Structure formats: C-alpha cells, structure tokens
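Examining the three-dimensional arrangement
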Amino acid sequence: MIPAPRPAAMTMLDKIWAQHSILERADGQTLLYVDTHLIHDGYAPAFEFLQARQLRPRSPKQTFGTPDHYVPTDGRIVERIASAERRDMVQSLVENSNDYGITLFELADRRQGIVHVIGPEQGISQPGMTIVCADSHTSTHGALGALAFGVGMTQATQVLATQTLWQRKPKSMRIFVEGELGFGVTAKDVILAIIRKIGPAGAVGHVIEYAGSAIRSLSMEGRLTVCNMSIEAGARAGMIAPDETTFAYVRGRNYAPPEGDAWDRAVERWSKIASDADAVFDREVTLDAGDIAPMVTWGTSLEDVAPIDGHVPDPDGAATAERREGMSKALAYMGLSPGTALSEIRVDRVFIGSCTNGRIEDLRSAAAVVKGRSVHPGVEAWVVPGSGLVKEQAESEGLDLIFRQAGFQWRDAGCSLCLGTNGETVAAGERCASTSNRNFVGRQGRGARTHLMSPSMAAAAAVTGRLADVRQLQLGE
Ligand SMILES: CC(C)[C@H](C(=O)O)[C@@H](O)C(=O)O
Ligand code: SF4
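Keep in mind that this is a model prediction, so the values were computed, not measured.

What counts, and at which threshold
All residue numbers refer to position in the chain's written sequence, counted from 1. Here the convention is simple: chains get letters from A, ligands get numbers from 1, in the order in which they are written. With the structure being a predicted model, the display of local features is reserved for residues of pLDDT at least 70 and the display and counting of side-chain atom pairs for 80 or more, all residues being used for whole-chain, interface and lining totals. Helix numbering and strand numbering both begin at the N terminus, where a helix is a DSSP run of H or I of at least 4 residues and a strand a DSSP run of E of at least 2. For the radius of gyration, the atoms used are the C-alpha atoms, and the globule rule reads 2.2 Å times the number of residues raised to 0.38. For the exposure call, what matters is how many other C-beta atoms sit within 10 Å of a residue's own: 20 or more marks it buried, 12 or fewer exposed, and in between partly exposed, using C-beta atoms placed from the backbone. Should DSSP find at least two bridges between two strands, the strands are regarded as paired. Between N-to-C directions, angles span 0 to 180 degrees; the directions come from axes that are lines fitted to C-alpha atoms, helices contributing only their stretch in contact. The C-beta atom of each residue is placed using the backbone, and any residue whose C-beta lies within 6 Å of a molecule or strand is treated as near it. Residues are grouped as follows: Ala, Val, Leu, Ile, Met, Phe, Trp, Tyr, Cys and Pro are nonpolar; Asp, Glu, Lys and Arg are charged; all remaining types, including Gly, are polar. Residue pairs are scored as contacts if the distance between their C-beta atoms, which are placed from the backbone, is within 7 Å. UniProt positions are given in the numbering used here, feature names are shortened, and annotations may be inferred rather than shown by experiment.

On to the overall build of the protein chain, then. Each helix and strand counted, the protein chain has 17 helices and 19 strands in total. Computed over C-alpha atoms, the radius of gyration of the protein chain comes to 22 Å, within 12% of the 23 Å expected from 2.2 N^0.38 for 477 residues, which places it in the range of a compact globule. Seen through its C-alpha atoms, the protein chain measures out along the principal axes to roughly 70 × 60 × 45 Å. Among the 477 residues that make up the protein chain, the fraction classed as buried is 53%.

Moving on: the sheet that holds strand S2 (residues 29-33). Pairing in this open sheet of three strands is antiparallel, and the strands run S1-S2-S8 from one edge to the other. Single-partner strands in this sheet number two, and they are strand S1 (21-24) and strand S8 (164-168). Taking each pair of neighbouring strands and ignoring which way they run, the sheet shows an average axis angle of 30 degrees. Pairing of S1 with S2, which is carried by three bridges, proceeds in the antiparallel orientation. When the sheet's bridge partners are listed, Ser21 is paired in S2 with Leu32.

Neighbouring residues of ligand 2: 13 residues in total, closest Ser354, Cys355, Cys415, Cys418 and Leu419. Classifying every residue of the shell around ligand 2 gives five nonpolar, six polar and two charged.

The next point concerns the environment of Ala161. As for its position among the elements, Ala161 is in helix H5 (residues 153-162). Counting along the chain gives 294 residues from Ala161 to Pro455, while the straight-line C-alpha distance between them is 39 Å. Ignoring anything within four residues of it in the chain, the contact list for Ala161 reads Leu50, Leu55 and Arg58.

A word on the UniProt feature "binding site: [4Fe-4S] cluster" (unreviewed entry) in the protein chain. Per the UniProt entry, the sites bearing "binding site: [4Fe-4S] cluster" (unreviewed entry) are Cys355, Cys415 and Cys418 in this numbering. For this annotated set, covering 64 residues, all C-alpha atoms fall within 8.8 Å of each other, a compact arrangement in space. Its place among the elements puts Cys415 in the loop between strand S17 (409-410) and strand S18 (431-434). Among residues more than four places away in sequence, those in contact with Cys415 are Asp68, His69, Ile114, Ser354, Thr421 and Asn422. Counting through the fold element by element, Cys418 comes out in the loop between S17 and S18. Classification of Cys418 by C-beta neighbours within 10 Å gives buried; the count is 29. When neighbours within four sequence positions are excluded, Cys418 is seen to be in contact with Gly353, Ser354 and Ser436.

The structure is reproduced here in structure tokens:
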C-alpha cells in the first residue's frame, strides 16, 4: 500500500496565515481575515475617509480603541488638553467609537493606556489571531503567538470597512536565543543584541519567530518587549509560539475565553499553532544568551548599539564609507566623541515607559534599582506607566512611593516622551536615558538626544546621572 503523503511541515506563520486566508489573487496577494483591529487617537483620518464614502465599520465588536499618542500624562480630562489639534484627535476617537459601538478605553477609564499594552492586558490579544493596528509596534502582540502587524492608515481604513486586508505573505525567519541570560540582562538587552547582530534592516520582508531556551524562559512581559522591537530590525512582525507561560498570562483576563469548555477548547487550538518540528524557515540566526550584556544605544539608529562596558566607536573604524559618514553624523547629533566610555556619558532626563517597557515588571525592575537611592541632582526623571491598570498595580505595591521619594515624577499612562506627539518632549541638546524603542533624530523632541536601554539600566542612569552598568548597582558596588 502506498502511504498517504505527509502534509508539508508548517511554520506558525504558515498556519495562522492559512487559517485567515480568504482568497489569493494572481499577483500573489492574499485577502486575510482580521480577527482584531486595535485603534488609537491617530485614527481621525480613517474615520473621515469612511464617512466621506458613507461606509460604517464592518465589525465594531472586533475593534478596540484607546487614546495614547496625544494624551497628556498629567491629567485625564480630554477637555483640558491644551492644544486644539490634540484634543480633536482624542475627541474624534471618542465620538466615532461611541457612534459605531466600538469598545473604547477612554482617557478617564482606568483601563486606558498605550494600545500595545492594553491589548494583551485585557486579554484582547490572543494566540492564533490576526491583529492589526495603524501602528508599527503592533508586532508586540505577536508575543502571544498571534500574527500582529502594523498597517498604514489607508489599509486601516480598509480593515475598518471590511475586516479584511490584502497582504503579500512575508518570508519566515527564526531567531534562536539559546542558553541562560547573565546577571542583570533583560529582554530589552536581548532584542537590542539581536538588532546589533542582524542590523536594523536585517529582517526586512520577514516575520521573525523568536525561539530557543532563553526566549522560552522569558516572562510574557519580557516576550512582549522582544516582539515590540521586531519592527526595529525591519521585520513585518515578530512572534513566539504560545506555551504554558502564554496560557497562564491570558487566563482570566477580561476578554479571554471564559473558564470551562471555552477555555479548554481555546488552549487545545492554541497548542497546535506552534511551528512543526521539521518546518523550514527562509532564514535562521542563533545567538548565545550568555554573550549578551546590558546594552545602550549611542547614536541615532538601532545599529548604533553597544554593551554598556564599551566605548563610543570611532567612525574611522567603520567598514564602509557610508557607515563612516552615518556614524560621524550620529556622533555630531549626539554630542559625543569617539573613545568616550559609555559609562561616562552624563544624562539630563530619564524616561521609563512606552509600549516596549511600560508594563508592571518593567516598573518593578526599575524600582528595585531606585529603592533607597535618589535621582541624581539636575536629572529630571519620569515614570509613565503603560496603562492605568499598570499604574494602579504599581501603586498597590508601593512602587510609586519608591519612585517619588527618589525624586521621580509619577505620571499617567500614554506614549508621552517615547515620541512627544502629546507635547511632552526632551529639550534640544538634552540627553535622555529612555526605555522606549527608537533613538532617531528628533524622536523625543527637536534636537533631543536619546539613549535606549532597559528599565533597570534607565533607573541606574537616573540615580547616577550617567549611563551606568546596572550590574554594579545591583551588586551594591
Ligand atoms: C504614530 C504611529 C503611527 C507611530 C508608529 O507607527 O509606530 C508611533 O507609534 C511610533 O512609535 O512612531
Ligand atoms: S509608546 Fe512609542 S512606540 Fe509605542 S505606540 Fe506609543 S509612540 Fe509608538
């Protein structure tokens, strides 16, 4: 007898893609079904476009909104937003959500927060889903084992109107991080080390699946940090196979399947979406976890990243003329000279927050460093929790007191200094130790100088007034 042909091994991307593919066009584009559409206060143009065509959102029940980019972090009242444009952006989200029956976590709601923090927090983002949002850091939600990616505002409008999206299937790339992370090394350092290895365009056209023992041993929140920055490696999305850590995280959340049959069936389904053991990826890369040190960026691209015990590099040592020029420009903007020890760079500001590192574990790890210490004189340090619930949780643990007593500002949830579109910025020439995900020219304000790092490293910068190796503080040196 001829044995039945074995079905071809599939990656997690293949499986989620196949489950959501409605039809394929001759040019290779697939019409994908979108399970969940997350929206934020930048959606005014999408709603205007819909209205101009007399269309309505197709599936308001699968659409969830929260204002984050334009909200102040020192007050929760929309009417009091000083700038008319920002107020209008937030109002547009409120009015359109109300008109169409879209679930909205509005500014005064304790569940409000950065869209990529509240999706997982509410249990809205689940394994096996397709999740989109007109925001590049939608890759965050892939940490739950979802296919989650950012789209442009025109595509987001199509999703609002049809709950579907035309997409070309990306290539697959698997990144293994194997072994144990060293003392003081966090998920943020893992993703910075990955980008250092593959480059900021290293994953263009690919969906990254993170795998290996070091990834498996990360908490859900650490995984969210890693997947969040997939886009900074150029990837279309990042994902991690769902496992017990994932299920334990999702279980019991507001929008998670309810306990009992529904939950059991969901876990059974979710358990099948991991890549098959013999699945073939277009590319594979491996990192040794033990080689990763706490990282900081010194320039204006994610390429410009180094271990904290390193030095500002010399552009003369660059491999290409183009890189030399890029490095020289970055150093001029950052006000740094080659050869300076990274740990000698003084900072003016510290920002702990963002969709990369604004969750409770991030605040805990920063507070553990800050405890019993004070913000260095002359440094202005902020904590901006990723959501109202993160803020509440931190307060119930007394973390707010640790931060405040040390001299930090303890603020409300929003994107804030990550990007500054809410009017909160770093002044020109000022240097900021930041837990966010982009160090681009002008990212935190015109002329602002950003150094990216983990929450515990940012805490170390706050109390020492310079970029500092957090391991020395943790060891009590
Ligand atoms: C404003 C938004 C579209 C943007 C993004 O796409 O990522 C922002 O969130 C960012 O981080 O730069
Ligand atoms: S926190 Fe920063 S990266 Fe995240 S969505 Fe807001 S602006 Fe974008």
